[in-house]
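# Survey of secondary and tertiary structure
If you want the building blocks of each chain, they are given just below.
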Amino acid sequence: MGGSALLTRSAEAFARALRLMPGGVNSPVRAMRAIGRDPLFVASGAGAELVDVDGNRYVDWVMSWGPLAAGHAHPDVVAAVAAAAARGTSFGAPTEAEAELAEAVVERVPSVEMVRMTSSGTEASMSAIRLCRAATGRDAVLKFAGAYHGHVDGLLAESGSGLATQGIPASPGVTAAQAADTVVVPWNDRAAVDAALGERELAAILCEPYPANMGLVPPEPGFLPFLRERATQTGALLVFDEVISGFRVAAGGAQEREGVAPDLTVLGKIIGGGLPAAAYAGRRDLMELIAPAGSVYQAGTLSGNPLATAAGLATLALLDADAYARLDRTTAMLAEGLELAAADAGVAARVASTTGLLTLFFTAQPVRDYAAAAACDLEAHAAFCRAMLERGVYLPPSQFEAWFPSLAHGEQEVERTLAAAREALAEVSAR
Ligand code: HOZ
């Protein structure tokens, strides 16, 4: 797509959507307000490419925000979903495929002994926190500024993702009691964690082990083991939200890479292969507190849905050791190329990356927490995203998100992206 691409149908679709849906979208991160644009309306996707309703084609680095590890419309995933749909779309009764998916999770994720499936990451993190409170008899939960755990009332404070993008520090509609049970501290800040633990008994220490909702801000060496140690010492449960990092940064997620075992893990995105599925999972003694094994109640008509289960299983089957090596190579190529392109253009930038995740921060400073992410040059980021879109590259339209390389991205897509980035960064530099 060049700078002159037509967006007539997208504009019409957006005008109609604005009349019918708040902000014209069904999830705020899809709007492009932070980069001063209207959203594109999508017609289709294939592999690493997205096609909008005007027929413009883009290299897609959003990939539905993470579930599409195999790319758009991977034939194996499509076939598995079609076959499942032909057998029936929902039963509200158990299927063998649910146990198969649970087994696939237990085999891959080191700390997990049992799994409960839900339809969204929000539901899964909400339920994991309920379980922590029930197991410990405590109310307060510690979370980190800039982390996002879905739109759970009590977890919306100082959140990343769409809230950071829109500058919403605390959502209206959250009761004072819900907010009071959430303690927020800066990521990578051991003294702040210790201070919080000194003030209150916590039910849970909740973190994204590889935070990717304030852009990607990895843990500093030793920080995750420190959280594990403090949770154990104080009787809090350690919960890793691996909705984004799960099955992406490694088969066993961040906990496998970092060698730290949480008590509970929240999963989403890849587990559903592009259909609505998520899960919370962990130690058997904790999971058996959940109804009907125990009395901690949580339920869902579409939990373990056959189509989502089929898509998740088909996607996980594609993620073998070779796939992770490819994902790692693609991400590294992209990260190195972007660093070089920014340096050549004289644009102050830092690239954070790990297997399958990347963020280009517009700053000269290291980004170790939310304050540093928020201090980035957001105007430069917006200009960069706009210039990339004009050159046929679809990026997360917010500094507070990560790019999602997939198995469908290869050298060709990286080269297309870097060629566009060199021009876009020159434009950013000339502003
Ligand atoms: N969690 C994703 C963004 N960080 C996307 C989900 C949403 O639509 O908010």
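Not measured: the values here are computed from a predicted model.

### What to know about the overall build of the protein chain
Across its full length, the protein chain carries 15 helices and 13 strands. Taken over the C-alpha atoms alone, the protein chain extends approximately 60 × 55 × 45 Å along its principal axes. Across the protein chain, every contact between residues at least 6 apart in sequence was considered, and the portion connecting residues at least 24 apart equals 72%. Just so you have it, the protein chain exposes about 17,400 Å², and 53% of that area is on carbon and sulfur atoms. Computed over 32 positive and 48 negative side-chain charges, the separation of the two mean positions in the protein chain equals 4 Å.

### Let's talk about the side chain of Thr331
Note on placement: Thr331 falls in helix α12 (residues 321-345). Every residue in contact with Thr331, bar those within four places of it in the chain, is listed here: Ser353, Thr354, Thr355, Gly356, Leu357, Leu358 and Pro405.

### Focus on the side chain of Ser161
Structurally, the position occupied by Ser161 is in helix α5 (residues 161-166). Within polar-contact distance, the side chain of Ser161 engages the side chain of Glu401 at 2.8 Å.

### With respect to the packing of helix α14 (residues 378-390) against helix α15 (residues 411-430)
The interhelical angle for the contact between α14 and α15, taken along N-to-C directions, is 135°, at an axis separation of 9 Å. With respect to α15, the element α14 is oriented oblique. As α14 runs across α15, the sense of the crossing is right-handed. Listed contacts from α15 to Ala380, Ala383, Phe384, Ala387 and Met388 of α14 are Thr417, Ala420, Ala421, Ala424, Leu425, Glu427 and Val428.

### Observations regarding the nonpolar core
Phe144, Trp187, Ile205, Leu227, Leu338, Phe384 and Leu425 are the most contacted members of the largest nonpolar core, which has 86 residues in total. A per-element tally of this core places α14 first, with eight residues. If we skip the residues at most four places from it in the chain, Phe384 touches Leu360, Phe362, Leu395, Trp403, Ala421, Ala424, Leu425 and Val428. Formed by 22 residues, the second largest nonpolar core is a distinct cluster that contains Ile129, Leu206, Leu264 and Leu286.

### Quick word on the pattern of salt bridges
Within this structure, the stated rule accounts for 14 salt bridges. When the shortest N-O distance is used, the salt bridge between Asp377 and Arg431 registers 3.6 Å. Of this pair, Asp377 sits in the loop between α13 (370-374) and α14 while Arg431 sits in the segment after α15, placing them 54 residues apart in sequence. Taken together, the shared-partner salt bridges in this structure form one network comprising Arg228, Asp263, Arg283 and Asp285.

### A word on the site of the ligand
In the vicinity of the ligand, the contacting residues are Ser27, Val29, Trp65, Ser161, Asn213, Lys269 and Glu401. When the free accessible area of the ligand is taken as 280 Å², the share hidden by the protein chains comes to 83%. For the shell around the ligand, a count of residues per class yields two nonpolar, three polar and two charged.

### Some thoughts on the sheet that holds strand β1 (residues 42-46)
On the basis of which strands lie adjacent, the open sheet formed by four strands has the order β1-β2-β3-β13 and mixed pairing. The open sheet has two edge strands, β1 and β13 (393-394), and neither has a second partner. Helix-sheet contacts for α15 involve β2 (49-52), β3 (57-60) and β13, and the interaxial angle to β3 is about 105°.

### Description of the packing of helix α3 (residues 96-108) against helix α11 (residues 306-318)
Closest axis-to-axis distance for the α3/α11 pair is 9 Å, and the angle between their directions is 35°. In this structure, α3 crosses over α11, and the sense of that crossing is left-handed. The segment α3 lies against α11, with Ala97, Glu98, Glu100, Leu101, Ala104 and Arg108 engaging Thr309, Gly312, Leu313 and Leu316. Residues belonging to the contact of α3 with α11 are distributed by class as follows: five nonpolar, two polar and three charged.

### Focus on the confidence of the model for the protein chain
This prediction gives the protein chain a mean pLDDT of 97; 99% of its residues lie at or above 70. Confidence scores differ between elements of the protein chain, with helix α6 (residues 176-180) showing the lowest mean pLDDT of 90 and strand β8 (residues 237-241) the highest of 99.

### As for the sheet that holds strand β6 (residues 182-185)
Read across the sheet, seven strands follow the order β4-β10-β9-β8-β7-β5-β6 without closing on themselves; strand pairing throughout is mixed. Every other strand in the sheet has two partners, leaving β4 (114-118) and β6 as the edge strands with one partner each. Adjacent strand axes in the sheet meet at a mean angle of 20° when their direction is disregarded. Pairing of β8 with strand β9 (residues 264-267), which is carried by three bridges, proceeds in the parallel orientation. What sits directly across from Phe240, in β9, is Thr265. Sheet contacts for helix α4 (residues 121-136): β4, β5 (140-144), β7 (202-207), β8, β9 and β10 (278-282); angle to β9, the most-contacted strand, approximately 165°.

### Concerning the pairing of β7
In the case of a regular strand, side chains alternate between the two sheet surfaces. The element β7 is largely enclosed, with a buried count of six among its six residues. As defined by bridge partners, β5 adjoins β7 across three bridges and the pair is classed as parallel. What sits directly across from Val141, in β7, is Ala204. As defined by bridge partners, β7 adjoins β8 across four bridges and the pair is classed as parallel. The partner of Ile205 across the bridge, within β8, is Leu238.

### Let's talk about α11
Taking 1.5 Å as the rise per residue, α11 with 13 residues should run 18 Å; its terminal C-alpha atoms sit 19 Å apart, in good agreement. Its side-chain oxygen at 2.9 Å from the backbone nitrogen of Leu307, Asn305 defines the N-terminal cap of α11.

Thresholds, definitions, all that
- Along each chain, residue indices are assigned from 1 in the same order as the chain's sequence is written.
- Restriction of local features to residues with pLDDT of at least 70 applies here, the model being predicted, together with a cutoff of 80 or more for giving and counting side-chain atom pairs; totals for whole chains, interfaces and linings are based on all residues.
- Side-chain numbers come from the whole structure's heavy atoms, not from hydrogens or water.
- The secondary structure listing takes helices from DSSP runs of H or I that are at least 4 residues long and strands from runs of E that are at least 2 residues long, numbered from the N terminus.
- Contacts are assigned to residue pairs that have any heavy atoms within 4.5 Å of one another.
- Note that accessible areas follow from Shrake-Rupley with a 1.4 Å probe, and for residues the cover is restricted to the protein chains shown.
- Note on charges: Lys and Arg go in the positive column, Asp and Glu in the negative column, and His and the chain ends are not counted at all.
- Every charge is mapped to an atom, namely NZ of Lys, CZ of Arg, CG of Asp or CD of Glu.
- Each polar contact in these results corresponds to two N or O atoms within 3.5 Å; when the atoms are within protein, one needs to be able to donate a hydrogen and the other to accept it, and residues that are neighboring in sequence are counted only if both atoms are side-chain atoms.
- Here an axis means a line fitted to C-alpha atoms, over the contact stretch when the element is a helix, while the angle between two N-to-C directions is reported on a 0 to 180 degree scale.
- Comment on the angle field: the value is read as roughly parallel under 35 degrees, roughly antiparallel over 145, roughly perpendicular from 65 to 115, and oblique elsewhere.
- A crossing counts as left-handed when the near helix is turned anticlockwise from the far one by less than a right angle, and as right-handed when that turn is clockwise.
- Residues enter a nonpolar core if they are buried and are Ala, Val, Leu, Ile, Met, Phe, Trp, Tyr or Cys, with the set joined through side-chain atoms within 4.5 Å.
- For each residue, the accessible area found with a 1.4 Å probe, counting protein chains only, is set against the maximum for its type, and the residue is called buried under 20%, exposed over 50%, and partly exposed in between.
- Salt bridge criterion: a side-chain nitrogen from Lys or Arg within 4 Å of a carboxyl oxygen from Asp or Glu.
- Definition of nearness: a residue and a molecule or strand are near each other if at least one heavy atom of the residue lies within 4 Å of the molecule or strand.
- The residue classification treats Ala, Val, Leu, Ile, Met, Phe, Trp, Tyr, Cys and Pro as nonpolar and Asp, Glu, Lys and Arg as charged. All others, Gly included, are polar.
- Note on pairing: two strands pair once DSSP finds at least 2 bridges between them.
- Known as pLDDT, the predictor's per-residue confidence is scaled from 0 to 100.
- Under the convention used throughout, the expected extent of a helix is 1.5 Å for every residue step, that is, one less than its residue count.

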